[in-house]
Amino acid sequence: MAKILVISAHQDLQQSVSNRLILADLEQHFGSDLSVRCLSGLYPDYRIDVATEQAALVAAGIVVLQYPTYWFNTPAILKKWLDDVWTYGFAHGTGGDKLHGKKLFVSTTTGSPKEVYDGNTAPLIADLVKPVEASALYAGFAWHGVEPLYGALYSRIANKE
């Protein structure tokens, strides 16, 4: 099995029930084939160690971007990570073939239930991840789609009652 790299981009993972459960489930199913990089814990100052992150990507066959959807977007630290790590000469441009053929998945959570993401009230999740998909394809990844977990905020509130 190919090594799986999970880039966890929750701003405060200890406050998240659903994102922690997703990571725990991945760890249970994939064990030693899984490597998780929790960006907010590694880089609270947003100073990304580019060489370390690029090495982790090179070693992986499958990459999972796991994050909560905030205001119809990725968390700021994930955008910063993408900007800093997927550079010219690494992810695109001359010599930028280091990600070619690797599989990329998105796992995201939403606060609102699925019914909100109907294309009228809010955009479809598939539309919200289009910038990530376009970036992945441009970098040579094999895009494998998005797996949303809807209504995380409501399940958190229900667990507190």
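Residues numbered from 1 in each chain as written. Predicted model: local features only at pLDDT ≥ 70, side-chain atom pairs only at ≥ 80, totals over all residues. Heavy atoms only, no water.

Give a description of the sheet that holds strand β1 (residues 4-8) that names residues and reports values.
The five strands lie next to each other as β2-β1-β3-β4-β5, forming an open sheet whose pairing is parallel. Edge positions in the sheet fall to β2 (34-38) and β5 (142-149), since each of these pairs with one other strand and no more. Averaged over all neighbouring strand pairs, the angle between strand axes comes to 15°, with direction disregarded. Here five bridges tie β1 to strand β3 (residues 62-68), and the two strands are oriented parallel to one another. Counterpart to Val6 in the pairing with β3 is Val64. (Pairing = 2+ DSSP bridges. Helix = DSSP H or I, 4+ residues; strand = E, 2+ residues; numbered from the N terminus. Axes fitted to C-alpha atoms, helices over the stretch in contact; angles between N-to-C directions.)

Quick one: what's the story with helix α1 (residues 17-30), residue by residue and with numbers?
Since the α-helix packs 3.6 residues into each turn, any two residues three or four apart lie on the same face. Compared with an ideal rise of 1.5 Å per residue, which puts 14 residues at 20 Å, α1 spans 20 Å between its outermost C-alpha atoms and is within 8% of the ideal. Within the span of α1, buried status applies to Ser18, Asn19, Ile22, Leu23 and Leu26. Relative to the axis of α1, the buried residues are bounded by an arc of 140° and lie together on one face. Away from its buried face, by an angle of more than 90 degrees, α1 presents the exposed residues Leu21 and Gln28. One or two residues past the end of α1 sits Gly31, with phi positive at roughly 45°. (Expected span 1.5 Å × (residues − 1). Buried < 20%, exposed > 50% of the residue type's maximum accessible area, 1.4 Å probe, protein only. Arc of directions from axis to C-beta.)

Explain the packing of aromatic side chains to me, and be specific about the residues and the numbers.
A full pass over the atoms with the stated rule returns five aromatic pairs. For the pair Trp71 and Phe72, a centre-to-centre distance of 6.4 Å together with 80° between the ring planes defines the contact as edge-to-face. Trp71 sits in the exposed class, given a relative accessible area of 80%. Here Trp81 and Trp86 contribute two aromatic rings whose centre-to-centre distance is 6.2 Å and whose plane-to-plane angle is 65°, an arrangement assigned as edge-to-face. Per residue, the accessibility class of Trp81 equals that of Trp86, and both read buried. (Phe/Tyr/Trp six-rings, centres within 6.5 Å; stacked < 30°, edge-to-face > 60°.)

Talk me through the pattern of salt bridges; I want residue IDs and the actual numbers.
One pass over the full model with this rule turns up five salt bridges. Notably, a salt bridge pairs Arg37 with Glu53, separated by 2.6 Å at the nearest N-O pair. With Arg37 in strand β2 and Glu53 in helix α3 (residues 50-59), the pair connects residues that are 16 residues apart, well separated along the chain. Each of the two residues, Arg37 as well as Glu53, counts as buried. Here Lys79 and Asp83 are joined by a salt bridge, their closest N and O atoms 2.5 Å apart. Note that Lys79 and Asp83 are positioned in helix α4 (residues 76-85) at a spacing of four residues, about one turn of the helix. (Salt bridge = Lys/Arg side-chain N within 4 Å of Asp/Glu carboxyl O.)

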